[in-house]
Amino acid sequence: MRKLYAIGIGAGDPEHLTVQAIDRLNRVDVFFVLDKGSEKADLVRLRQEILDRFVTRTDYRVVLASDPPRDRTPSDYRAAVADWHEARASVYEELLLSELGPDSAGAFLVWGDPSLYDSTIALIEAVLARGNVAFEYEVVPGISSISALVARHRTTMNQIGRAVQLTTGRRLATGWPEGVDDVFVLLDANTTFEKFTDSGLHIFWGAYVGTPDEVLLSGPLTPELAERIRVTRAEARERHGWIMDTYLLRRPAE
């Protein structure tokens, strides 16, 4: 039977890979990569660097497929995401049918950890549910963007005995969550933290964490620091054509 791996490869530093991940990389015949276009060519290049560094076998293949386009400003966010996932599941299914032999192993290399704000597992399950291609699969955990972020800022995810929440910029824009003192924010294209300046919060922000382009800023969330992060983020996005950033907002214990 076909075997598929969803392998977490960390937030950008090749040294984030675990021993388990390296072992599974060397079992793979075909690596599948969704190409997100020229603006994000760095993501494809970094995956190849990981393969060049850690895979000792020479008979593997890398198969590129175009990532389906996504509506970034939909009137119905959930419907747009559902449509995008359906299109991606079709790409996954076609790759498995056309590129992976009955007794071969394939893999998707997943940024960060496959369990954290990533659709790979859900898409694999969607392909299985269609029933057109049979395979078994394994998930290999990786170092997540939030783990890398707090490590680089030399802090912790939580304060002792205090609650933590992971959310998106879209959800944070509706207000600070009740009963929570530490909030990790992912997928925020609108610098939502600016809504919370002078609220007694600290921010730990990072972009391209774990890569040579890494940028880190932190401190009390004043209007001045919020503006500095906004400008730094905009300049970095303009320079690279894309950006991956994450931040922690913390209400310090009294």
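In this report, we go over the structure that sits alongside the text. (Residues numbered from 1 in each chain as written. Predicted model: local features only at pLDDT ≥ 70, side-chain atom pairs only at ≥ 80, totals over all residues. Heavy atoms only, no water.)

## Quick look at the overall build of the protein
Which entries qualify depends on this criterion: Counting from the N terminus, the helices are the DSSP runs of H or I reaching at least four residues and the strands are the DSSP runs of E reaching at least two. It is over C-alpha atoms that the radius of gyration is taken, and the globule rule equals 2.2 Å times the number of residues to the power 0.38. Each residue gets one of three labels from its accessible area relative to the maximum for its type: buried under 20%, exposed over 50%, partly exposed in between, using a 1.4 Å probe on protein chains only. In this description, contact between two residues means that some pair of their heavy atoms is separated by no more than 4.5 Å. The Shrake-Rupley method, run with a 1.4 Å probe, gives the accessible areas here. Residue values count only the displayed protein chains as cover.
Counting its regular elements, the protein contains seven helices and ten strands. Relative to the compact-globule value of 18 Å for 254 residues, the protein shows a C-alpha radius of gyration of 19 Å, a close match. Here the C-alpha coordinates of the protein stretch approximately 60 × 40 × 40 Å along the principal axes. Within the protein, buried positions represent 47% of all 254 residues. Partitioning the contacts of the protein with sequence separation of at least 6, the portion at a separation of at least 24 is 72%. As presented, the protein carries roughly 12900 Å² of accessible surface, and 48% of it is formed by carbon and sulfur atoms.

## Points about the packing of aromatic side chains
Spelled out, the test is: Centres within 6.5 Å make a pair out of two Phe, Tyr or Trp rings, where for Trp the six-membered ring is used; the pair is then stacked when the planes are under 30 degrees apart, edge-to-face when over 60, and tilted otherwise.
Following the criterion strictly, the structure yields six aromatic pairs and no others. Aromatic side chains phenylalanine 31 and tyrosine 60 sit 5.4 Å apart centroid to centroid with 90 degrees between the ring planes, which places their arrangement in the edge-to-face category. Of this pair, phenylalanine 31 sits in strand E2 (residues 30-35) while tyrosine 60 is found in the loop between helix H2 (41-54) and strand E3 (61-66), placing the two residues 29 residues apart along the sequence. With centroids separated by 5.2 Å and ring planes inclined at 90 degrees, the aromatic side chains of phenylalanine 193 and tyrosine 247 adopt a geometry described as edge-to-face. A residue pair is termed long-range when its members are at least 10 positions apart, and phenylalanine 193 in the loop between strand E7 (182-186) and strand E8 (202-207) and tyrosine 247 in strand E10 (residues 245-250) qualify at 54 residues. Exposure class is identical for phenylalanine 193 and tyrosine 247. Each is buried.

## Observations concerning a nonpolar patch on the surface
Heads up, the condition is: Note that patches include only residues with greater than 30% relative accessible area and no salt bridge, and the join distances are 9 Å for like charges and 5 Å for nonpolar side chains (Val, Leu, Ile, Met, Phe, Trp, Tyr). The rule for a salt bridge is simple: a side-chain nitrogen of Lys or Arg has to be within 4 Å of a carboxyl oxygen of Asp or Glu.
The grouping of Tyr117, Val164, Leu166 and Leu187 at the surface amounts to a nonpolar patch, some 350 Å² of accessible area in total. Looking at where valine 164 falls in the secondary structure, it is placed in strand E6 (residues 164-168). Taking the relative accessible area as the measure of exposure, valine 164 reaches 35% and is therefore partly exposed.

## Regarding the packing of helix H3 (residues 77-99) against helix H4 (residues 120-130)
Between two packed helices, both the angle of their axes relative to each other and the distance between the axes serve to describe the pair. Selection criterion: With axes taken as lines fitted to C-alpha atoms, and helix axes fitted only over the stretch in contact, angles between N-to-C directions fall between 0 and 180 degrees. Any angle that is under 35 degrees is reported as roughly parallel, and any over 145 degrees as roughly antiparallel; angles of 65 to 115 degrees are reported as roughly perpendicular and all others as oblique. By definition, turning the near helix anticlockwise from the far helix through less than a right angle yields a left-handed crossing, and turning it clockwise yields a right-handed one. Three classes are used, and their members are as follows: Ala, Val, Leu, Ile, Met, Phe, Trp, Tyr, Cys and Pro are nonpolar, Asp, Glu, Lys and Arg are charged, and the others, Gly among them, are polar.
With their axes 9 Å apart at the nearest point, H3 and H4 run at an angle of 65 degrees to one another. When the axes of H3 and H4 are compared, the pair comes out roughly perpendicular. In this structure, H3 meets H4 at a crossing whose hand is right-handed. Here H3 contributes His85, Glu86, Arg88, Ala89, Ser90, Tyr92, Glu93 and Leu96 to the contact with H4, which in turn contributes Thr120, Leu123, Ile124, Ala126, Val127 and Arg130. A breakdown of the residues in the contact of H3 with H4 according to their chemical character gives seven nonpolar, three polar and four charged.

## Description of the pattern of salt bridges
On inspection of all chains with the given rule, the structure shows 19 salt bridges. For arginine 88, the salt bridge identified is with aspartate 67, shortest N-O distance 2.9 Å. Here arginine 88 is found in helix H3, whereas its partner aspartate 67 is found in the loop between E3 and H3, with 21 residues between them in sequence. For the salt bridge of aspartate 181 with arginine 162, the shortest nitrogen-to-oxygen distance reads 2.7 Å. Of this pair, aspartate 181 sits in the loop between helix H6 (169-172) and E7 while arginine 162 sits in the loop between helix H5 (145-152) and E6; the two residues are 19 residues apart in sequence, bridging distant segments of the chain. Look at aspartate 181 and you get buried, because its relative accessible area is 11%. Each member of the salt-bridge network shares a partner with another, and the members are Lys3, Asp23, Arg24, Arg27 and Glu138.

## Here's the deal with unusual backbone geometry
With a phi angle near 55 degrees, leucine 187 is a residue other than glycine that sits in the positive phi range. Mapped onto the elements, leucine 187 comes out in the loop between E7 and E8. The class of leucine 187 is exposed, set by a relative accessible area of 59%.

## Digging into the sheet that holds strand E5 (residues 135-140)
The condition that has to hold: In this scheme, strands are said to pair when DSSP sees at least two bridges between them.
Ordered in space as E3-E2-E4-E1-E5, the five strands form an open sheet in which the pairing is parallel. The open sheet has two edge strands, E3 and E5, and neither has a second partner. Each strand of the sheet is rotated relative to its neighbour by a mean of 25 degrees, with strand direction disregarded. Both strand E1 (residues 2-8) and E5 contribute to a ladder of six bridges, which runs parallel. Its bridge partner lying in E5, leucine 4 is registered against tyrosine 137. Each of E1, E2, E3, strand E4 (105-110) and E5 touches H3; the most contacted strand, E2, lies at about 150 degrees to it. Strands E1, E4 and E5 of the sheet are contacted by H4, whose axis makes an angle of about 170 degrees with E5.

Read these as geometric descriptors, not functional statements.
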